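Breakdown of the fold
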Amino acid sequence: MNWDLDQIVKEVQFDSHSTVWTASSVTLKSLDIDVVQMILLIEDRRFFRHLGFELRAIPRLMKRALKLQKPGGISTLDQQLVRIITNRRERTISRKIRETVLAAAINSWLSKDELLLSYLKRSYFGRGLIGLEAASKHLFKKEPDQLSTNEAAFIASLLARPIPGIVVDCLNDFNLLTAQRPEEYIGMARVCAPTWAIAVRARYLYTLKLFSDSKESRD
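Let me sum up the structure you'll find in this document. (Residues numbered from 1 in each chain as written. Predicted model: local features only at pLDDT ≥ 70, side-chain atom pairs only at ≥ 80, totals over all residues. Heavy atoms only, no water.)

1. Looking at the overall build of the protein chain
Filter applied, for reference: A helix here means a DSSP run of H or I that spans at least four residues, while a strand means a run of E at least two residues long, and both kinds are numbered starting from the N terminus. Three exposure classes are used, based on accessible area relative to the maximum for each residue type with a 1.4 Å probe and protein chains only: buried under 20%, partly exposed in between, and exposed over 50%. Residues are treated as being in contact if the distance between any of their heavy atoms lies within 4.5 Å. Accessible areas in this description were obtained via Shrake-Rupley with a 1.4 Å probe; residue shielding takes into account the shown protein chains only.
Scanning the protein chain from terminus to terminus reveals 11 helices and two strands. The helix and strand sequence of the protein chain, counted from the amino end, reads α-α-α-α-α-α-β-β-α-α-α-α-α. Looking at the protein chain residue by residue over its 219 residues, the buried ones come to 47%. Pairs at least 24 apart in sequence give 69% of the contacts found in the protein chain among residues at least 6 apart. Summed over its atoms, the accessible surface of the protein chain is roughly 11700 Å², and 54% of this surface lies on carbon and sulfur atoms.

Encoded structure:
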């Protein structure tokens, strides 16, 4: 586990401070943009308040362990980042416990902004789309901070429903790999992957509503 912890810390620090990323529009100074706020709202709205894991999730995890069930439930961004960097994806209780311990440990070594930035650079949005910046540029030919509200909501929704290869192939066939609006992607996907299209549309609309509600509550 110590090796995993060292690896995660080094990888996150590289993402945050390496000169390789100086030309990137996604930096520690640009996290307060709509698409990032949407990601936090739908993936882990308590990200800046917890220490890497949710206390309320522990009893549920222990209950599943006693019943010899597979672990389930939503992971924090910290836990997702641990999974991405270590590439451990087996659906076991031991992996979930290890993931939780490491998520708590990295919060002692790294800032929340560093963890969030690394997550944004490494998350999977669909085939060939690794990282927020790649997804934004590939789908809408824009930097993340230039996305419209609808575009940002669509990209945020892809974390739970990444674009599958069949949809990418379908869009290529119709020369729509860079559509103008999220609705175009969803509409075309109905032809080749209707189940994904329905699911991502629901997530997309849910993200828009959450973001709208959060803005009203701040005003």
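2. Points about the pattern of salt bridges
Short version of the rule: The salt bridge definition used is simple: a Lys or Arg side-chain nitrogen within 4 Å of an Asp or Glu carboxyl oxygen.
Applying the stated criterion to the full structure yields 16 salt bridges. Measuring nitrogen to oxygen at the nearest pair gives 2.6 Å for the salt bridge that ties R122 to D15. Taken as a pair, R122 in helix α6 (residues 112–122) and D15 in helix α1 (residues 2–17) lie far apart in primary sequence, 107 residues in all. Taking the relative accessible area as the measure of exposure, R122 reaches 22% and is therefore partly exposed. For D15, a relative accessible area of 3% corresponds to the buried category. A salt bridge links R203 to E43; the nearest nitrogen and oxygen atoms lie 3.3 Å apart. Of this pair, R203 sits in helix α11 (residues 194–218) while E43 is found in helix α2 (residues 34–43), placing the two residues 160 residues apart along the sequence.

3. As for the packing of aromatic side chains
Selection rule: Geometry of aromatic contacts follows a simple scheme: Phe, Tyr and Trp rings, the Trp one being its six-membered ring, pair when their centres are within 6.5 Å, and the pair is stacked under 30 degrees between planes, edge-to-face over 60, tilted otherwise.
What the rule picks out here adds up to five aromatic pairs. Between F140 and F154, the aromatic rings sit 6.2 Å apart at their centres with planes inclined by 80°, giving edge-to-face as the arrangement. Taken together, the residues F140 in helix α7 (residues 132–140) and F154 in helix α8 (residues 149–157) connect sequence positions 14 residues apart. A relative accessible area of 0% places F154 in the buried class. An aromatic cluster of three or more residues is present, and its members are F140, F154, Y185 and Y204.

4. Quick notes on helix α9 (residues 165–173)
For the record, the criterion: The arc in question is formed by the directions pointing from the helix axis toward the C-beta atoms.
Taken residue by residue, α9 has V167, V168, C170 and L171 as its buried positions. Viewed along the axis of α9, the buried residues span an arc of 160°, placing them on a single side of the element. Where α9 is buried, its residues touch α10 (182–192) and α11.

5. Quick notes on the side chain of D4
Heads up, the rule is: Polar contact is defined as a pair of N or O atoms within 3.5 Å, subject to the rule that within protein one atom must be able to donate a hydrogen and the other to accept it, and that residues adjacent in sequence are counted only when both atoms are side-chain atoms.
Topologically, D4 is positioned in helix α1. Assessed through its relative accessible area of 3%, D4 is described here as buried. Side chain to side chain, D4 and R98 meet in a polar contact 2.8 Å long.

6. A look at α11
Which entries qualify depends on this criterion: Expected helix span is given by 1.5 Å per residue-to-residue step, counting one fewer step than there are residues.
The terminal C-alpha atoms of α11 lie 36 Å apart, and with 25 residues this matches the ideal 36 Å at 1.5 Å per residue to within 8%. For α11, the full list of buried residues reads W196, A197, A199, V200, Y204, T207, L210, F211 and S214. Close packing links the buried residues of α11 with α2, α8, α9 and α10.

7. Description of the nonpolar core
This is how it is decided: Here, nonpolar core refers to any group of buried Ala, Val, Leu, Ile, Met, Phe, Trp, Tyr and Cys residues whose side-chain atoms link them within 4.5 Å.
Ranked by internal contacts, the top residues of the largest apolar core, which has 57 residues, are V35, L139, F154, I155 and W196. Ranked by the residues each element gives to this core, the list is headed by α2, at seven residues.

8. Things to note about the environment of G128
Tracing the backbone through its elements, the reader meets G128 in the loop between β1 (124–126) and β2 (129–130). Residue G128 is classed as exposed on the basis of its relative accessible area of 68%. As for G128 and G165, which are separated by 37 residues in sequence, their C-alpha atoms are 8.9 Å apart.

9. Regarding the environment of I33
Along the chain, I33 turns up in the loop between α1 and α2. Among the residues examined, I33 registers a relative accessible area of 16% and is labelled buried. Taking the C-alpha atoms as reference points, I33 and A152, 119 residues apart in sequence, are found 9.5 Å from one another. In this view, I33 contacts P144 and D145; residues no more than four positions away in its chain are not counted.

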